[in-house]
Amino acid sequence: MGYVRLLRRRPVLALWGAQGLSVFGDRLYAMAIMWLAWEKSGAAAMGLVAVAESVPYIVMGTVGRRLMDRFASLRALAAVDASRIVLVALLPVAWNVFGLPAMLALAVAVGAAGALFDPNLGALVPDLVRPSEVQAIYGLMDLTGRIARIAGPGAAGVLLAVMPQGALFWLDAATFAVSAGVLARLGRGAHKSAPTGKRPAAPETLGTRLLLRSHPATGAAIGVHGVGVFAQAVSFALPALLAARFHAGAGTYGLILATSGAGALAGNLAAGHVRLPCRLPVVYCAVWAASGLLLAFNGLASNLPVLLALAAASGFLAPFCGITLQTHLAAFPAGPRRRLMSLDLTIIRTAGTASMLVVPAVAAGSPTAGFLTGGLITVAVAGIGAAASWWWTRDTASMRVPQPEPELSRD
């Protein structure tokens, strides 16, 4: 019922609907660009596309703090989405006319726009609701991604069968147009409701390094996120495990993915509403440890029903990871919140890109050992993170998030 109450408010409903459409368009875009890369230049081009989109996130999170601060409003994010309309619509044309280099340049530009958009929107979402509703609204936004992951690839396959490939890019551009319009409208409303005669408060200038020193448990949680994403890349070797151990094919693989998706939807409903303990970094690391244990068990599974049960349990835990960390970061003031969300995004993009280059290929050679190694590494690192976070937050006073000091202005 928490989701229903939130959706009765027009700003939340408008933002959720627009972002749901935009995320669905992103899934179409991901399918279309990878298919285009494969069709035009083969598997190597697919890898280059994935790297081209991730690099801007890494660069922006590392050295783009000042630029990111300039887009810390809904109206600025509407402009970012407006730029993505043009960039996405031009992608198939650029490839046909100028080839792979032009397409990679546009993919980098799309990635740069996303690197500006994602952490800023995540940091602005809590401002739409009361503090007691932050967990629920992050759960609602997480639900959008879960639905898109399930419906997007299937819809893309159907659309590719009935329309030209370039139409998927134009459809994605249309979703960005809707998102840009909604954000601009919400931004105008926020601007009109702001007190007149006063300048908006300057963004907090607490540097990322000092922020992490002041809140080491938060740093530990973000670090565990990166390690978990890197180790979980072994799951891409699941087809090799199915073939080697169970002589199963694509149908079984699809069934496992569907089971995991169903588990994630059920987990979202719980994660968005269940009352979380106050020590969220400890909880977050503990959830990752449980997720790592389930990953390791995949390497020991003796039959397909066990694999399906593990997939459902892993899917159920996944929303708890995202919602718990976002709820914790939302307790920080706007500027530090934005920096921490950007740091988290940078770390997981870096870990994800590096892992995709190494982990699946290594694990495919020995999938059983790969799942065991990836899972146990996750358990070990997350366990250490949970213990360290518990120690750093044992004093309840340390759980309060202080306002940043104005003189702490360096990274």
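Residues numbered from 1 in each chain as written. Predicted model: local features only at pLDDT ≥ 70, side-chain atom pairs only at ≥ 80, totals over all residues. Heavy atoms only, no water.

## Overview of the overall build of the protein
Selection rule: Numbered from the N terminus, helices here are DSSP runs of H or I no shorter than four residues, and strands are runs of E no shorter than two. Whether a residue is buried, partly exposed or exposed follows from its accessible area with a 1.4 Å probe, protein chains only, as a fraction of its type maximum: under 20%, in between, or over 50%, in that order. Residue contacts follow a heavy-atom distance rule, with two residues in contact if any of their heavy atoms lie within 4.5 Å. Surface exposure here means Shrake-Rupley accessible area, sampled with a 1.4 Å probe, where a residue is shielded only by the protein chains that are shown.
Scanning the protein from N- to C-terminus turns up 16 helices and 0 strands. The proportion of buried residues among the 411 residues of the protein is 47%. The long-range share in the protein, meaning contacts at least 24 apart out of those at least 6 apart in sequence, stands at 87%. In the structure as shown, the protein presents an accessible area of about 19,100 Å², 68% of it carried by carbon and sulfur atoms.

## What about a nonpolar patch on the surface?
So the rule is basically this: Without a salt bridge and with relative accessible area above 30%, a residue can belong to a patch; like charges are then joined within 9 Å and nonpolar side chains (Val, Leu, Ile, Met, Phe, Trp, Tyr) within 5 Å. When a carboxyl oxygen of Asp or Glu lies within 4 Å of a side-chain nitrogen of Lys or Arg, that pair is called a salt bridge.
A contiguous nonpolar patch, built from Val86, Leu90, Val93, Val97 and Phe98 and spanning about 490 Å² of accessible area, is present on the exposed surface. Locating Val97 in the fold gives a position in helix 5 (residues 74-98). With relative accessibility at 55%, the residue Val97 sits in the exposed group.

## Observations concerning helix 14 (residues 304-329)
Basically, it comes down to this: Here, expected helix span is obtained from the residue count minus one, scaled by 1.5 Å. We call two N or O atoms a polar contact when they sit within 3.5 Å, provided that within protein one can donate a hydrogen and the other can accept it, with sequence-adjacent residues counted only if both atoms are side-chain atoms.
Between its terminal C-alpha atoms helix 14 stretches 38 Å, which fits the 38 Å expected from 26 residues at 1.5 Å a residue. N-capping of helix 14 is provided by Asn303, with a side-chain oxygen placed 3.0 Å from the backbone N of Val306.

## Digging into unusual backbone geometry
Glycine aside, residues mostly have negative phi, and peptide bonds are mostly found in the trans state. Notably, His247 is not glycine yet its phi reads approximately 55 degrees, a positive angle. Relative to the helices and strands, His247 resides in the loop between helix 11 (238-246) and helix 12 (250-271). On the accessibility criterion, His247 (70% relative accessible area) is exposed.

## Notes on the nonpolar core
Convention followed: To form a nonpolar core, buried Ala, Val, Leu, Ile, Met, Phe, Trp, Tyr and Cys residues must be joined to one another through side-chain atoms within 4.5 Å.
Counting 68 residues, the largest nonpolar core has Leu6, Leu121, Val125, Leu183 and Leu242 as the members making the most contacts within it. Apart from residues no more than four positions distant in its own chain, Leu183 is found in contact with Leu15, Gln19, Leu74, Arg75, Leu77, Ala78, Asp81, Phe117 and Leu121.

## Let's talk about a positive patch on the surface
The line we're drawing: Counting rule applied: Lys, Arg positive; Asp, Glu negative; His and chain ends not counted. Here the site of a charge means atom NZ of a Lys, CZ of an Arg, CG of an Asp or CD of a Glu.
On the surface, Arg10, Arg75, Arg185 and Arg188 cluster together into a positively charged patch. On the secondary structure map, Arg75 appears in helix 5. Relative accessible area serves as the criterion here: at 43%, Arg75 is assigned to the partly exposed category.

## Considering the packing of helix 5 against helix 6 (residues 100-124)
Stated formally: In this analysis, axes come from line fits to C-alpha atoms, helices being fitted only over the stretch in contact, and the angle between any two N-to-C directions falls in the range 0 to 180 degrees. Every angle not falling under 35 degrees, over 145, or within 65 to 115 is termed oblique; those three ranges are roughly parallel, roughly antiparallel and roughly perpendicular. Left-handed describes a crossing in which the near helix is turned anticlockwise from the far one by less than a right angle; the clockwise case is right-handed. Under the scheme applied, nonpolar residues are Ala, Val, Leu, Ile, Met, Phe, Trp, Tyr, Cys and Pro; charged residues are Asp, Glu, Lys and Arg; polar residues are all the others, including Gly.
The N-to-C vectors of helix 5 and helix 6 enclose an angle of 160 degrees; their axes lie 9 Å apart at closest approach. Taken together, the axis directions place helix 5 and helix 6 in an arrangement best described as roughly antiparallel. Here helix 5 and helix 6 pass one another in a crossing that is left-handed. Grouping the amino acids of the contact of helix 5 with helix 6 by side-chain chemistry returns 23 nonpolar, 3 polar and 2 charged.

## Observations regarding the packing of helix 12 against helix 14
Remark: helix 12 packs on helix 14, axes separated minimally by 7 Å, with the N-to-C direction vectors making an angle of 40 degrees. Considered as vectors, helix 12 and helix 14 are oriented oblique to each other. Remark: the crossing between helix 12 and helix 14 carries right-handed chirality. Residues Thr252, Leu255, Ile256, Thr259, Ser260, Gly263, Ala264, Ala266, Gly267, Asn268, Ala270 and Ala271 of helix 12 lie in contact with helix 14, whose contacting residues are Leu304, Leu307, Leu308, Ala311, Ala312, Gly315, Phe316, Pro319, Phe320 and Ile323. For the contact of helix 12 with helix 14, the residue count by class is 15 nonpolar, 7 polar and no charged.

## Some points on the confidence of the model for the protein
Note the cut-off: pLDDT measures the predictor's confidence residue by residue and takes values from 0 up to 100.
Scored by pLDDT, the protein has a mean of 84; 90% of the residues are at 70 or more. Across residues 397-411 the pLDDT falls below 50, and counting only partners more than four positions away or on other chains, this stretch makes 33 contacts in the model.

## Points about the packing of aromatic side chains
Our working definition: Two rings belonging to Phe, Tyr or Trp (six-membered ring only in the last case) form a pair when the distance between their centres is within 6.5 Å. Interplanar angles under 30 degrees mark stacking, angles over 60 mark edge-to-face geometry, and anything in between is tilted. Note on criteria: charge over ring means Lys NZ or Arg CZ within 6 Å of the ring centre, with the direction from the centre no more than 35 degrees off the ring normal.
Applying the stated criterion across every chain, the model contains 1 aromatic pair. Each ring, one from Phe316 and one from Phe320, has its centre 5.7 Å from the other, and the planes form 45 degrees; the classification is tilted. Of this pair, Phe316 and Phe320 both sit in helix 14, 4 residues apart, which is roughly one turn of that helix. The class for Phe320 is buried, based on a relative accessible area of 14%. The aromatic ring of Phe117 is capped on one face by Arg84, whose charged end is 4.6 Å from the ring centroid. Taking NZ or CZ as reference, Arg349 lies 3.8 Å from the ring centre of Tyr57, over its face.

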